[in-house]
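Here is how the chains run, residue by residue.
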Amino acid sequence: MFKSLFKNKKPMQYNFNIDSFISNYVTRRKESLLLPDFEKYNEALQSRINGKNVLVIGGAGTIGSSYIKAILKFNIAKLVVVDINENGLTELVRDLRSSEGYHIPTEFITYPVNFGDPVFEKLFRHHGPFQIVANFAAHKHVRSEKDIYSIEAMIENNVLRARKLLDLLLQFPPEHFFCVSTDKAANPVNIMGASKKLMEELIMAYSDKLPIKTARFANVAFSNGSLPLGFLERMQKKQPWSCPRGIRRFFVSPQESGELCLMASIMGQSGDIFFPKLDEEKDMIPFDQMAIDLLHSIGLEPDICATEEEAVQKALLLKESSTSYPVYFFGSDTSGEKAFEEFFTENEKLDNDSFIHLGVVKNSKKRSIGEIDEIFAQLRALFASDKVTKAAIVEILKQYLPNFEHIETGKSLDQKM
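Rules used in this analysis
- Residues numbered from 1 in each chain as written.
- Predicted model: local features only at pLDDT ≥ 70, side-chain atom pairs only at ≥ 80, totals over all residues.
- Heavy atoms only, no water.
- Pairing = 2+ DSSP bridges.
- Helix = DSSP H or I, 4+ residues; strand = E, 2+ residues; numbered from the N terminus.
- Axes fitted to C-alpha atoms, helices over the stretch in contact; angles between N-to-C directions.
- Left-handed = near helix turned anticlockwise from the far one by under 90°.
- Contact = heavy atoms within 4.5 Å.
- Buried < 20%, exposed > 50% of the residue type's maximum accessible area, 1.4 Å probe, protein only.
- Polar contact = N/O pair within 3.5 Å; in protein donor to acceptor, adjacent residues only side chain to side chain.
- Phe/Tyr/Trp six-rings, centres within 6.5 Å; stacked < 30°, edge-to-face > 60°.
- Salt bridge = Lys/Arg side-chain N within 4 Å of Asp/Glu carboxyl O.

A. Layout of the sheet that holds strand β11 (residues 248-252). With mixed pairing, three strands are arranged side by side in an open sheet as β9-β11-β13. Of all the strands in the sheet, the pair left with one neighbour each is β9 (219-220) and β13 (284-286). Sheet topology note: the β9/β11 ladder contains two bridges and is parallel. Across the sheet, Asn-219 pairs through a bridge with Phe-251, a residue of β11.

B. Local environment of the packing of helix α8 (residues 191-205) against helix α14 (residues 369-384). Orientation of α8 relative to α14, taken along the N-to-C sense of each, is 145 degrees, at an axis distance of 9 Å. Once α8 is placed against α14, the crossing between them reads as left-handed. Mapping the contact onto sequence places Leu-198, Glu-201, Leu-202 and Ala-205 in α8 and Ile-369, Ile-372, Ile-375, Phe-376 and Leu-379 in α14.

C. Molecular detail of helix α1 (residues 18-26). Turning to α1, its buried residues number three or more, namely Ile-18, Phe-21, Ile-22, Ser-23 and Val-26. Of the surrounding elements, those touching the buried residues of α1 are α9 (227-236), β11, α10 (254-267), β13 and α12 (287-298). If you check the start of α1, you find a side-chain oxygen 3.0 Å away from the backbone N of Asp-19, and it comes from Asn-17. Once α1 finishes, Arg-28 follows within two positions and takes phi at roughly 60 degrees, a positive value.

D. Structural view of the pairing of strand β7 (residues 176-179). Side chains His-176 and Phe-178 project from β7 onto one buried face, and the interleaved Phe-177 and Cys-179 project onto a second face that is buried too. Across four bridges, strand β6 (residues 132-135) lies against β7 in parallel orientation. Within β7, the residue paired with Ala-134 across the bridge is Phe-178. Where β7 meets strand β8 (residues 212-215), two bridges bridge the pair, whose relative direction is parallel. Among the inter-strand pairings, Phe-177 is bridged to a residue of β8, identified as Ile-212.

E. Structural view of the packing of aromatic side chains. With the rule as written, the count across this model stands at 17 aromatic pairs. Each ring, one from Trp-241 and one from Tyr-325, has its centre 5.8 Å from the other, and the planes form 50 degrees; the classification is tilted. Residue Trp-241 is found in strand β10 (residues 241-244), and its partner Tyr-325 is found in strand β15 (residues 324-330); the two are separated by 84 residues along the sequence. When its relative accessible area of 0% is taken as the criterion, Trp-241 is described as buried.

F. How the structure looks around the sheet that holds β7. Taken together, nine strands build an open sheet; the order of strands is β5-β4-β3-β6-β7-β8-β12-β17-β16 and the sheet is mixed. Every interior strand has two partners, whereas the edge strands, β5 (107-111) and β16 (350-351), have only one. Pairing of β8 with strand β12 (residues 273-276), which is carried by two bridges, proceeds in the parallel orientation. Opposite Ala-215, over in β12, you have Phe-274 as the bridge partner.

G. View of the pattern of salt bridges. Enumeration according to the criterion identifies 17 salt bridges in this entry. Here Arg-216 makes a salt bridge to Glu-200, at a shortest N to O gap of 2.9 Å. Highlighted residues: Arg-216 in the loop between β8 and β9 and Glu-200 in helix α8, separated in sequence by 16 residues. A relative accessible area of 1% places Arg-216 in the buried class.

Right under this line is the structure:
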């Protein structure tokens, strides 16, 4: 795959393949982590997926679209995809119809609709019933907790709208329902992680009425909005790179993210929380090392800068013949930044035997719907108040999520390049 490094200039060409880079430098896996599990459960997956009607919410994002690609390896009867990203849906359709190996059903339609809007219920009732429903609509960035407005929007999207969806599903119960979570829900230190932990507790309150599963998993390499994809986008615009130093994270490929969610949604039992079995020593990758490896794979050396200003100035001087690229490495000091990743807590019961490369949390706390209503009522009352503050939101969440230890530094990623 050839890309132009600099816009508005004679393009500098380089031979770079994202999938190969992920396989060689990020996951360090030549085959999908989930391949053995798909081989083990192939017959069961075929019988539970083939011929089914499928609804995917948030299907234009990296994980949602990867889930769609995974399920289109089977023979489903209908696929309806909903997402607020109209351009993303357009690209999804073009990508699928320009590729080989996908069994696209005759009934395949996409809608640029918010799943919290009244029109969503109309199309749901028209196209249903659905045997498989998967929800990937979520605020996923720690930076989304910058102020009370962004926090309210995040909690509304990650938690409150999910309640409305669950009540709709009670009227037309699917055979399988999946709602994506995050590793940051385990002992959360930021409001995004706390919102996803609250989402987990919400869906668990319905797990005796609906067949609900979820998954916590690692960073998806080069996903939309991610730092690694941002490196390539900065380079396309002849802009410097900015990267935290010493922050190590688990990674899965986009393909693996979709396959993980598909396996969880179809093979899991109601109330299960899936996670990938990854090794801390072998599988955690520092962002700064990934940045250097990425530059080397393109044929460039990092020109390490002491400040953002120095990096911006050096980027202005870049030429086609340049053999280095300006990078500013910084120590992480933003609110809600967790020093490490974990997929489960010490009090959670694990099943590490049913799947080869997946673990399952089996005893997630189940609140009553009445308790969930109480939490929601407090949050809505606070959002309606003229005295709402970030600290007040954190305090309510901590009352219900005792493992929530918010890290507040007063700084946001929006204050950095």
